[in-house]
There are 2 protein chains.
Amino acid sequence: MVPSKPLILISNDDGYTAKGIKELAGFLCDMADIVIVAPDGPRSGMAAAITSQVPVTFTLVSCLPGLSVYRCTGTPVDCIKLGLEAVVSRWPDLVIGGINHGDNSAVNVHYSGTMGVVLEGCMKGIPSIGFSVCDHDPDLDFSPTRDYIRRIVRQVLEEGLPEGACLNVNFPEKAPYEGVKVCRQTVGRWENEWVSSPHPRGGGDIYWLTGHFANHEPEAIDTDRWALDHGYVAITPTQVDMTAYGLLEKMKKNYEILSHCR
Amino acid sequence: MVPSKPLILISNDDGYTAKGIKELAGFLCDMADIVIVAPDGPRSGMAAAITSQVPVTFTLVSCLPGLSVYRCTGTPVDCIKLGLEAVVSRWPDLVIGGINHGDNSAVNVHYSGTMGVVLEGCMKGIPSIGFSVCDHDPDLDFSPTRDYIRRIVRQVLEEGLPEGACLNVNFPEKAPYEGVKVCRQTVGRWENEWVSSPHPRGGGDIYWLTGHFANHEPEAIDTDRWALDHGYVAITPTQVDMTAYGLLEKMKKNYEILSHCR
């Protein structure tokens, strides 16, 4: 029997109780069967980390027709790996990370547990999308994202995505949005990242990660930061292949000398 | 006064006591001043994770002329961020991750804490290199890697690397090596990743991450896995920009409809 609805596997890095993941399931539950396998607590900034030193477990939290929720002791990527191998009863048509409470544009793609989820789905050959809002408020009103998310999900369910490519979708802090821009990743870097204070029990300082993102190309209208700064929903097509092809061609000549270093 | 030697900031994901990082410092200490800021224990598979929920500290372990070692409670990426902002007295000429006990070729670049170090150095605008050996033995003989590492480091110190690009260098399990290949990242995926057993205290199963890497293009001689499988040192130029440019161009047309979804 062919299932009547597509299956979407959802995870995040804010944990299974976060408002963003619940809202996402609510936005999509009429369009698809949904399985959530999400961390049992906050895993922000976990990137594509995997749990290699200890075992991982998962537990069923709730089961409604078309919507099952599991919490998992592992990382966001573990949730997808384990979800695919031990939880879902059929292969998902889509993997989604989010909706993340916080910005995953520009270089944040590297630190993001949400995008870890998405890259993992993509590496498994499943069309995968990350949704994030540039606001950390745990009680954020996600309703302005609803129609955008439904249209993007519908389009990807219908058309798929090329092998090895996924979507990193970020919503501006303020709604209503100006529309959608398909963008490239902004060049820039985090600066002044640490706030230190003396350790309360003495013996040195403690350091909290914070910082400011310096956009090195604020005028570049084809970037995700430009889109977000100007009120647009930013869709950044993102790929698993991190090869620097320009440098590769240049190096093939330079490094020939090393071939004889034995 | 101009320092007489370049400064290299080194970290890893196996921890500051791992043999690989000690050997690396030994290979390079006549060429450069070295500062090691490395995790205080194993952080394998931590990718580019950052510590966002708790503060981080670091402690001086040893200080010799030209070689200082600090251990840090954070992730590999935290070590570089904190090393740059709170430890080094001048801006490093090079950031190195490694020598890692284990393979970081192909899609492993996404999970690797060693490559997290390297991407972080690269994002900070510093030429950055990761060195890994395809062998997890904690007592591995790293001596076959020495001359290769010294030549690659010397070349990068002299010539630099393009902004936003870094090197992921992997050594085969068996020496002597056949030479060097400059490669692209292999396409493939991890399969059968979990080994489960009943929880010793009951109540369900526990899952250990393991698995097998399925190379989807074993005949492609321009890939890092091919190089390693045939005895070559694989240098994979790697970049911070993860934009899928091919998909971007295609999508710019398809998603115009969304511009009017307000």
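This text follows the structure it describes.
An account of the accompanying structure is given in this report. Note that the structure is a prediction, hence the values are computed from the model and not measured.

Parameters at a glance
- Residues numbered from 1 in each chain as written.
- Chains lettered and ligands numbered in written order.
- Predicted model: local features only at pLDDT ≥ 70, side-chain atom pairs only at ≥ 80, totals over all residues.
- Pairing = 2+ DSSP bridges.
- Helix = DSSP H or I, 4+ residues; strand = E, 2+ residues; numbered from the N terminus.
- Axes fitted to C-alpha atoms, helices over the stretch in contact; angles between N-to-C directions.
- Contact = placed C-beta atoms within 7 Å.
- Nonpolar A, V, L, I, M, F, W, Y, C, P; charged D, E, K, R; others polar.
- Buried ≥ 20, exposed ≤ 12 C-beta atoms within 10 Å, placed from the backbone.
- Core = buried A, V, L, I, M, F, W, Y, C linked by C-beta atoms within 7 Å.
- Parallel < 35°, antiparallel > 145°, perpendicular 65-115°, else oblique.
- Left-handed = near helix turned anticlockwise from the far one by under 90°.
- Least-squares fit on C-alpha atoms with pLDDT ≥ 70 in both.

**A look at the sheet that holds strand 8 (residues 180-182) of chain A**
Residues and elements named next belong to chain A.
- Strand order across the open sheet formed by nine strands is 3-4-2-1-5-6-7-13-8, with mixed pairing between neighbours. Across the chains shown, the open sheet's two edge strands, defined by having one partner strand only, are strand 3 (58-64) and strand 8. Strand-to-strand twist of the sheet, defined as the mean angle between neighbouring strand axes without regard to direction, takes the value 20 degrees.
- Direction of pairing for strand 7 (residues 165-171) relative to strand 13 (residues 233-239): antiparallel, over a ladder of six bridges. Bridge pairing in strand 13 places Val 169 opposite Ile 235.
- The sheet contacts of helix 1 (residues 19-28) involve strand 1 (7-11), strand 2 (33-39), strand 4 (67-72), strand 5 (94-101) and strand 6 (128-133), and relative to strand 5 the element is tilted by about 135 degrees.
- On top of the sheet, helix 2 (residues 76-87) reaches strand 1, strand 2, strand 3, strand 4 and strand 5; it is set at about 135 degrees to strand 2, its chief contact.

**Let's talk about the interface of chain B and chain A**
- Chain B puts 68 residues into the contact, and the matching count from chain A is 69 residues.
- Elements represented by at least two residues in the side of chain B that touches chain A include exactly helix 2 (76-87), helix 3 (108-111), helix 4 (113-123), helix 5 (146-159), strand 8 (180-182), strand 11 (205-209), strand 13 (233-239) and helix 7 (245-254) of chain B.
- Ranked by residues supplied to the side of chain B that touches chain A, first place goes to strand 13 of chain B with five residues.
- Of the residues that constitute the side of chain B that touches chain A, the class distribution is 39 nonpolar, 18 polar and eleven charged.

**A short note on the sheet that holds strand 5 (residues 94-101) of chain B**
All names here are of chain B.
- Strand order in the open sheet formed by nine strands is 3-4-2-1-5-6-7-13-8, with mixed pairing between adjacent strands. Each edge of the open sheet is held by one strand with a lone partner, namely strand 3 (58-64) and strand 8. Pairs of neighbouring strands in the sheet enclose a mean axial angle of 20 degrees, with direction left out of account.
- Where strand 8 and strand 13 come together, three bridges link them in parallel fashion. In the strand pairing of strand 13, Val 182 is matched with Ile 235.
- Helix 5 contacts strand 5, strand 6 (128-133), strand 7 (165-171) and strand 13 of the sheet and is inclined by roughly 170 degrees relative to strand 6.

**Quick notes on the pairing of strand 3 of chain B**
All names here are of chain B.
- In this sheet, strand 4 (residues 67-72) lies alongside strand 3 in antiparallel orientation, the contact comprising six bridges. Residue Leu 60 lies in a different strand from strand 4, and its bridge partner there is Tyr 70.
- The hairpin formed by strand 3 and strand 4 contains two residues between the paired strands, and Gly 66 there has a positive phi angle of roughly 80 degrees.

**With respect to the pairing of strand 13 of chain A**
- Most of strand 13 of chain A sits out of view: seven of its seven residues are buried.
- Residue alternation in strand 13 of chain A divides its side chains into two sets, Val233(A), Ile235(A), Pro237(A) and Gln239(A) and Ala234(A), Thr236(A) and Thr238(A), and both sets are buried.

**So, the nonpolar core**
- Ranked by size, the top nonpolar core spans 161 residues in total, and within it Ile36(A), Val37(A), Ile36(B) and Val37(B) carry the most contacts.
- Sequence-distant contacts of Val37(B), that is, excluding residues within four places in its chain, are made with Leu9(B), Ser11(B), Phe58(B), Tyr70(B), Cys72(B), Cys79(B), Leu82(B), Gly83(B) and Val87(B).

**Quick word on the packing of helix 2 of chain A against helix 4 (residues 113-123) of chain A**
Residues and elements named next belong to chain A.
- Axis separation between helix 2 and helix 4 bottoms out at 7 Å; the angle between their running directions is 30 degrees. One way to sum up the angle between helix 2 and helix 4 is to call them roughly parallel. Helix 2 and helix 4 meet at a crossing whose hand is right-handed. Contacts from Pro 76, Val 77, Cys 79, Ile 80 and Lys 81 in helix 2 reach Gly 113, Thr 114, Gly 116, Val 117, Glu 120 and Gly 121 in helix 4.

**Observations regarding the environment of Ser132(B)**
All names here are of chain B.
- Position of Ser 132 relative to the elements: it lies in strand 6.
- Expressed as a C-alpha distance, the spacing of Ser 132 and Ile 80, which sit 52 residues apart in the sequence, is 18 Å.
- Once residues lying within four places of it in the same chain are set aside, the contact partners of Ser 132 are Gly 98, Ile 99, Asn 100, Gly 102, Asp 103, Asn 104, Thr 114 and Asn 170.

**Some details on helix 4 of chain A**
All names here are of chain A.
- Counting buried residues along helix 4, eleven of its eleven residues qualify, which places the element largely inside the surrounding structure.
- All buried positions along helix 4 are accounted for by Gly 113, Thr 114, Met 115, Gly 116, Val 117, Val 118, Leu 119, Glu 120, Gly 121, Cys 122 and Met 123.
- Of the residues one or two after helix 4, Gly 125 is the one with positive phi, at around 85 degrees.

**Observations regarding the relation of the copies chain B and chain A**
- Take chain B, turn it by 180 degrees, move it 0.0 Å along the axis, and it overlays chain A with an RMSD of 0.0 Å. Expressed as a symmetry operation, the mapping of one chain copy onto the other fits a two-fold axis.
- When the interface residues of chain B are mapped onto chain A, 99% of them again fall at the interface, so both copies present the same face.

**Description of the environment of Phe58(A)**
All names here are of chain A.
- One can find Phe 58 in strand 3.
- Along the chain, Phe 58 and Val 87 lie 29 residues apart, while their C-alpha atoms are 9.0 Å from each other.
- Contacts of Phe 58, omitting those with residues within four sequence positions, involve Val 37, Tyr 70, Arg 71, Cys 72, Leu 82 and Val 87.

Geometry only, nothing functional implied.
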